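Summary of structural features
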Amino acid sequence: MFTINLSSLKMQKVAKSDRTHIAIVGRRNVGKSSLVNALLGQELSIVSDVPGTTTDPVKKAFELLPYGPVVLVDTAGIDDEGELGQKRISKTIKILSQSDFALVVLDARERLQSKELELLAYLDKISVNYIVAINKIEFGVNPRLLEELKELRITHFEVSCKEKVGIDELKRKMIRMLPAEIEPPLISDIISQGDVVVMVVPIDLGAPKGRLILPQVQTIREALDEDSIVVVCKDKELKATLDNLKSYPDLVVTDSQAIMRVAEDVPERVKLTTFSILMARHKGDLPTFIRGLKRVEELENGDKVLIAEACTHHAQADDIGTVKIPRWLKNHTKKDLQIDVVHGADYPENLSDYKLIVHCGGCMLTRRTMLARMNEAKLMDVPIVNYGVLISYFHGAIPRALQPFEDAIAEWEKIKTCLS
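Values in this document were obtained by computation on a predicted structure and should not be read as measured data.

Examining the overall build of the chain
Of the regular secondary structure elements, the chain holds 15 helices and 14 strands. Sequence-distant contacts in the chain: of pairs separated by 6 or more residues, those separated by 24 or more amount to 74%. When the accessible area of the chain is evaluated, it comes to approximately 20,700 Å², of which 50% is carbon and sulfur surface.

Written out as structure tokens, the structure is:
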């Protein structure tokens, strides 16, 4: 006979993009992979006395009870060597900038090294909270190391991954220091209990048969959690749906590409927005995306535009990122633009060559990752806009689709004179 932990099963279904990401960082051979295995209670990462065994980041989702669902990210050593080693370090740095928390692993027998001091300074710079775990205490602890950490006023825990000592105490401290709220709401702050919300969901050919796309599912669930009344229909059935309601809905949410068809059926007094705009503020910063529209009108012949897809998928004949947006950009600007499309977690190294970044909704990214990508664009002085904002703009649905969001409307008022 066996029992099933239903709460655990529910947490296992939480997408990685909605989990707190914890990076395990440190020099080679200090026991990062051993600590990952000790926290998990299983042998996930390969452990070896040979320095540099972990080359690429290894991610593992698990439930850190009673906190909830998290992702542990085992990284390459920050002191890796050679050209390939530098590339691995770059990946580790990128992982850190996208993480919500970090565990810095030190060797109990040694003093702080320059690479470790640089790492701690970098974590402070990017405002990532962290704990120092002093590993291998079975060999004794260097008193000079403890003095150095005390001088730096750094929280630390002494553990032995080999002998499973101090792991539970480390977990308890992590739970107290992890962020309580990772992302702002999708829709719950603009609706109330009893509100009628109509969600218009054109069937996306790119979605698996029998399923809705992730932003639609998440928005429906969050609205239901607020005890609102959710009505779901396709765009072709919207008019009949509205006619069958006893009164106008409090909010209508639709797909970006259907916004104008939907707007024709929705009275001006009813608030209207898109799933992608909801996702833009949920994962990133909506006013920043609004500002990116200004650059659209400044594009010149020969300018390079980057279309960034955070995840990989098989492009359809009418794919939004590779086909439709490039076509709409060229038709709108009447310019001969050089448009590049990239998929995956990284921007190209020549990011500064681009005049504009058009980013996907980021539904598969954590909020911190999306903000890190936005910050990287800002550092390179490249304006950024997301799919939903840009598509709504091209279809004449802005500012209508921004109605529920005061900060976005305020940003629109600032730039609209530059867009005429």
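Now that the structure is up, let's keep going.
Looking at the sheet that holds strand E4 (residues 101-107)
Here we have 6 strands laid out as an open sheet, ordered E2-E3-E1-E4-E5-E6, and mixed in their pairing. With one partner strand each, in any of the chains shown, strand E2 (58-64) and strand E6 (156-158) form the two edges of the open sheet. For this sheet the average axis-to-axis angle between neighbouring strands, irrespective of direction, equals 25°. Where helix H6 (residues 167-177) meets the sheet, its contacts fall on strand E1 (20-26), E2, E4, strand E5 (129-135) and E6, and the angle it forms with E5 comes to roughly 170°.

Quick notes on the sheet that holds strand E13 (residues 356-359)
Read from one edge of the open sheet, 4 strands run E12-E11-E13-E14, paired in parallel fashion. Sheet topology places strand E12 (338-343) and strand E14 (384-386) at the edges, where each strand pairs with a single neighbour. When the angles between neighbouring strand axes are averaged without regard to direction, this sheet yields 20°. Bridge analysis of strand E11 (residues 304-309) against E12 gives 6 bridges, and the strand direction is parallel. Residue pairing in the sheet places Leu 306 in a bridge with Asp 340 of E12. Its contacts with the sheet put helix H11 (residues 286-296) on E13 and E14, and the angle it makes with E14 is roughly 110°.

Notes on the nonpolar core
With 77 residues, the main nonpolar core has Ile 187, Leu 293, Leu 329 and Val 358 as its most contacted residues. Ignoring sequence-local partners within four residues, the contact set of Leu 293 consists of Val 385, Val 389, Leu 390, Tyr 393, Ile 398, Trp 412, Ile 415 and Leu 419. Core analysis: the next-biggest nonpolar cluster, separate from the first, contains 25 residues, Leu 35, Phe 101, Cys 161 and Ile 167 among them.

Looking at helix H3 (residues 82-97)
The first and last C-alpha atoms of H3 sit 23 Å apart over 16 residues, in line with the 22 Å expected at 1.5 Å per residue. Looking at H3, one finds that the buried residues are Gly 85, Arg 88, Ile 89, Thr 92, Ile 95 and Leu 96. Looking straight down H3, one finds its buried side chains confined to an arc of 115°; they lie on one side. Exposed and facing more than 90 degrees away from the buried side of H3 are Glu 83 and Lys 87.

Some points on the pattern of salt bridges
Taken as a whole and judged by the stated rule, the model has 22 salt bridges. For Arg 111, the salt bridge goes to Glu 148, with nearest N and O atoms at 2.8 Å. Of this pair, Arg 111 sits in the loop between E4 and helix H4 (114-125) while Glu 148 sits in helix H5 (residues 143-151), placing them 37 residues apart in sequence. Arg 111 sits in the partly exposed class, given a relative accessible area of 36%. The class for Glu 148 is buried, based on a relative accessible area of 14%. In this structure, Asp 235 engages Arg 261 in a salt bridge whose closest nitrogen and oxygen atoms are separated by 2.5 Å. On the criterion of sequence distance, the pair formed by Asp 235 in the loop between strand E8 (229-233) and helix H8 (238-244) and Arg 261 in helix H9 (residues 259-265) is long-range, its members being 26 residues apart. By relative accessible area, Asp 235 is classed as buried at 15%.

Comments concerning the confidence of the model for the chain
For the chain, the average pLDDT comes to 86, and 87% of its residues sit at 70 or higher. Below pLDDT 50 for its whole length, residues 1-12 participates in 9 contacts with residues either more than four positions away or in separate chains.

Focus on the packing of helix H2 (residues 32-40) against H6
Interaxial distance between H2 and H6 falls to 10 Å at its minimum, and their mutual angle equals 85°. One element, H2, and the other, H6, form an angle in the roughly perpendicular class. Contacts between H2 and H6 pair Leu 35, Ala 38 and Leu 39 from the former with Ile 167, Leu 170, Lys 171 and Met 174 from the latter. Across the contact of H2 with H6, the residue classes break down as 6 nonpolar, no polar and 1 charged.

Section: helix H15 (residues 406-415)
Because each turn of an α-helix spans 3.6 residues, side chains separated by three or four positions end up pointing in the same direction. Within H15 the residues assigned to the buried category are Ala 408, Glu 411, Trp 412 and Ile 415. The arc enclosing the buried residues of H15, seen along the axis, measures out at 105°, which places them on a common side. With respect to the buried face of H15, the exposed residues turned more than 90 degrees away are Glu 406 and Lys 414. Against the buried residues of H15 lie H11 and helix H14 (387-394).

Digging into the packing of aromatic side chains
For the structure shown, the criterion picks out 2 aromatic pairs. Judged by centre distance (6.2 Å) and plane angle (40°), the ring pair of Tyr 393 and Phe 394 falls under tilted. Residue Tyr 393 is classed as buried on the basis of its relative accessible area of 12%. Phe 394 gets classed as buried once you look at its relative accessible area, which sits at 17%. In this structure an aromatic cluster arises from ring pairing among Tyr 393, Phe 394 and Trp 412.

Re unusual backbone geometry
That bond from Leu 65 to Pro 66 is cis: its omega, 5°, falls within 30 degrees of zero. Looking at the secondary structure, you find Pro 66 in the loop between E2 and strand E3 (68-74). Positive phi is not limited to glycine here, since Ser 127 has a value of about 60°. Among the secondary structure elements, Ser 127 is positioned in the loop between H4 and E5. The backbone of Lys 164 sits at a positive phi, close to 55°, despite the residue not being glycine. With respect to the secondary-structure elements, Lys 164 resides in the loop between E6 and H6. For Lys 164, a relative accessible area of 55% corresponds to the exposed category.

Cut-off values and rules
Residues numbered from 1 in each chain as written. Predicted model: local features only at pLDDT ≥ 70, side-chain atom pairs only at ≥ 80, totals over all residues. Heavy atoms only, no water. Helix = DSSP H or I, 4+ residues; strand = E, 2+ residues; numbered from the N terminus. Contact = heavy atoms within 4.5 Å. Areas by Shrake-Rupley, 256 points an atom, 1.4 Å probe, with all protein chains shown as cover. Pairing = 2+ DSSP bridges. Axes fitted to C-alpha atoms, helices over the stretch in contact; angles between N-to-C directions. Core = buried A, V, L, I, M, F, W, Y, C linked by side-chain atoms within 4.5 Å. Buried < 20%, exposed > 50% of the residue type's maximum accessible area, 1.4 Å probe, protein only. Expected span 1.5 Å × (residues − 1). Arc of directions from axis to C-beta. Salt bridge = Lys/Arg side-chain N within 4 Å of Asp/Glu carboxyl O. pLDDT = per-residue confidence, 0-100. Parallel < 35°, antiparallel > 145°, perpendicular 65-115°, else oblique. Nonpolar A, V, L, I, M, F, W, Y, C, P; charged D, E, K, R; others polar. Phe/Tyr/Trp six-rings, centres within 6.5 Å; stacked < 30°, edge-to-face > 60°.

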